[in-house]
Each structure stands twice: as structure tokens, then as C-alpha cells.
Number of protein chains: 2
Amino acid sequence: MSKKYRSDAMAAIHEMMEDLHDGGVIDKKTMRRFDQACLTPIRPLKPKEIKAIRERERVSQSVFANYLNVTSSLVSKWERGEKRPSGPSLKLLSLVEKNGLAVVA
Amino acid sequence: MSKKYRSDAMAAIHEMMEDLHDGGVIDKKTMRRFDQACLTPIRPLKPKEIKAIRERERVSQSVFANYLNVTSSLVSKWERGEKRPSGPSLKLLSLVEKNGLAVVA
DNA sequence: TTATATTATAGCACTGAGTGCTATGTTTGG
DNA sequence: CCAAACATAGCACTCAGTGCTATAATATAA
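Source: prediction; values computed, not measured.

**Quick notes on helix H3 (residues 47-56) of chain A**
Residues spaced three or four apart along an α-helix point in a common direction, a consequence of the helix completing one turn every 3.6 residues.
Residues and elements named next belong to chain A.
Phase 1: Within H3, the full set of buried residues consists of Ile50, Ile53 and Arg54. Projected onto a plane normal to the axis of H3, the buried residues spread over an arc of 95° and lie on a single side.
Phase 2: Structurally, H3 contributes buried residues whose contacts are with helix H4 (61-68), helix H5 (72-80) and helix H6 (88-99).
Phase 3: Once H3 ends, the next one or two residues include Arg58, with phi positive near 60°.

Structure representation (C-alpha cells):
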């Protein structure tokens, strides 16, 4: 319940911030700082963690790969530590970890 | 209104499909096919389209880059056609195009 | 059980996406 | 006007991601 409350609250706060900015109440700099602070923190994911995320969603490597728009062989390499996701891939994995596969459908 | 209805409907259908699968009513193959069909189609984005997406969200290149977990110089190169986003980057851009920056917050 | 898909691991060559840096303009706004 | 934020530019580098094929393990069906 608290989780849902938090994300809803964040959405509401963000809308409010934008309105304040449009109305000239707060300046661009503050708005920008706020945006940066709102982003979900991204940490490097270990191979086991990636596999755990996928198995929690109950999908095969190839289906998982389709969701992220990468190849299934890459997912295999992530899970075995042969390659490490970086940049946009990490972002997608973090999103799935926090919000589930549905958010990237 | 129809847009909201559709996404809600899809979520409901997906839940129903999972329940049917858990109950053994439909087999794995059908479930897998269903999942694949549900993904938002991804097409290559032209530089101008990427810039348009960002400007619609009213953010600078660096803020936009933070959302996608890439560098701001890469966003600049996308918008000028020096590099073309592929794989996971395209997925993120497509998500933002369809659902707005909030979904990748 | 035997057959048959679907999974996952493995290896390899290749390309270009993405990083990190610095420098130079351009716009904004205080 | 001045300073800060913004965008373009170039360059060197690394390794993520692709595409392919083959094999093995694991279901699913008959």
C-alpha cells in the first residue's frame, strides 16, 4: 500500500511542480534539479540478479529478449556474466526490476 | 478515453490469460504467442523524430539523457544522425514516444 | 517409452553504439 | 551585460550487441 501511495504521490508532485514552473513560481534550475532527483537510481546488476528478474516474470530468455528489444543470445550472456548490460540496457532492466515486465510492453 | 480503456483492457486481458494458463486451460505455446503479439512495435527513428520526442517532453538533451541512462553527447549524435539508436535504446525511445517520459522515471 | 519441440549454453567474427574527453559556439535569464 | 546552461563538434577507444551455427539439456506430446 505504501508503495502505491509513493508512486502516486510522486506523479502528483511532478504535475504540481510542472504547473508551478509554468506559472513562473519556480525557476528552470530548480525544476531541472528536481527532475534529476526523481530518477530511479541505477546500479549495476549481477548475472544472478538478471536471471532472478527474468524468472520472477516467468518468461523464457527469448521472450524476455523480445520485451527489451535485444537478442536472446545477449540475455544468455548477461545471465552467465559473459557480457554486462550498460547504459540503456541497464535502464530497461532496472525498470523491469522495479515495475515488472508490463511497463515495457 | 478510448486510449485509457485500451491499456486497461490489455492489462486485464493479460491477467486473465495468466490465470487461464495457471489453471491449465491454455497451453504454454499459446501463452507465449500472446506475449509476443502484445509488444509495442518498434520502428527505427529518424534524427528529427528523436528530437521531436525530446522537445515534446520539454527537456534538455542532458536531462533526456539522464532519463535513458545514456550520455548527453549520445543524444546529440542521435538527433544529428551521427549515430543511430538500436536495440535497447530504440526500445526506450519508443516507450517515451508512446507513453511519455514518466514511464521511464 | 520414443519422438519432438522448446529451451539454454557455447563459441566466434564483426560492427558500430556508446563512453569520455575537450573545445567552441549559441542561447538563455538574472 | 555577464554568467550559466545548452548544443554542436571531433576524436580515440572499448566492448556491448548482433548474427550465425552447433550442441545439450529440458520439457511436451504421442
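**Description of H5(A)**
Residue and element names in this part refer to chain A.
Phase 1: All of the buried residues along H5 are Val75, Ser76, Trp78 and Glu79. Across the axial projection of H5, the buried residues extend over an arc of 160°, all falling on one side.
Phase 2: Packed against the buried residues of H5 are H3, H4 and H6.
Phase 3: Of the residues trailing H5, Gly81 is marked for its positive phi of about 80°.

**Some points on the relation of the copies chain A and chain B**
Phase 1: For the match of chain A to chain B, the screw axis carries a shift of 0.0 Å, the RMSD comes to 0.0 Å, and the turn is 180°. Such a combination of turn and shift is consistent with a two-fold rotation axis. Across chain A, the smallest distance between a C-alpha and the rotation axis is recorded for Pro88(A), namely 2.9 Å.
Phase 2: Take the interface residues of chain A: 100% of them recur as interface residues in chain B, which is what a same-surface contact looks like.

**Description of the nonpolar core**
The tendency in soluble globular proteins is for nonpolar side chains to be buried as a group.
Phase 1: With 40 residues, the main nonpolar core has Phe64(A), Leu68(A), Phe64(B) and Leu68(B) as its most contacted residues.
Phase 2: Those elements giving two or more residues to this core turn out to be H3, H4, H5 and H6 of chain A together with helix H3 (47-56), helix H4 (61-68), helix H5 (72-80) and helix H6 (88-99) of chain B.
Phase 3: Phe64(B) has contacts with Ile53(B), Arg54(B), Val59(B), Val75(B), Leu93(B), Val96(B) and Leu101(B), leaving out every residue within four places of it along the chain.

**Observations concerning the pattern of salt bridges**
Phase 1: Taken as a whole and judged by the stated rule, the model has 10 salt bridges over all chains.
Phase 2: The partner of Arg54(A) in a salt bridge is Glu79(A), with the nearest N and O atoms 2.5 Å apart. Residue Arg54(A) is found in helix H3, and its partner Glu79(A) is found in helix H5; the two are separated by 25 residues along the sequence. Taken as a pair, Arg54(A) and Glu79(A) share a single burial class, namely buried.
Phase 3: Among the ionic pairs, Arg80(B) bridges to Glu82(B), the shortest N-O distance being 3.5 Å.
Phase 4: Under the relative-accessibility criterion, Glu82(B) is labelled partly exposed at 48%.

**Thoughts on the interface of chain A and chain B**
Phase 1: Taken together, the contact between chain A and chain B spans 25 residues of the former and 25 residues of the latter.
Phase 2: A buried area of about 2,200 Å², summed over both sides, lies between chain A and chain B, and 59% of it is on carbon and sulfur atoms.
Phase 3: Between chain A and chain B we count 0 salt bridges in total.
Phase 4: In this structure, the connection of chain A to chain B is made through 6 residue pairs in polar contact (both at pLDDT 80 or more).
Phase 5: With 6 residues, H6(A) is the single largest residue contributor to the side of chain A that touches chain B.

Calculation notes
Residues numbered from 1 in each chain as written. Chains lettered and ligands numbered in written order. Predicted model: local features only at pLDDT ≥ 70, side-chain atom pairs only at ≥ 80, totals over all residues. Heavy atoms only, no water. Buried < 20%, exposed > 50% of the residue type's maximum accessible area, 1.4 Å probe, protein only. Helix = DSSP H or I, 4+ residues; strand = E, 2+ residues; numbered from the N terminus. Arc of directions from axis to C-beta. Contact = heavy atoms within 4.5 Å. Least-squares fit on C-alpha atoms with pLDDT ≥ 70 in both. Core = buried A, V, L, I, M, F, W, Y, C linked by side-chain atoms within 4.5 Å. Salt bridge = Lys/Arg side-chain N within 4 Å of Asp/Glu carboxyl O. Buried area = accessible area lost by both parts, 1.4 Å probe. Polar contact = N/O pair within 3.5 Å; in protein donor to acceptor, adjacent residues only side chain to side chain.

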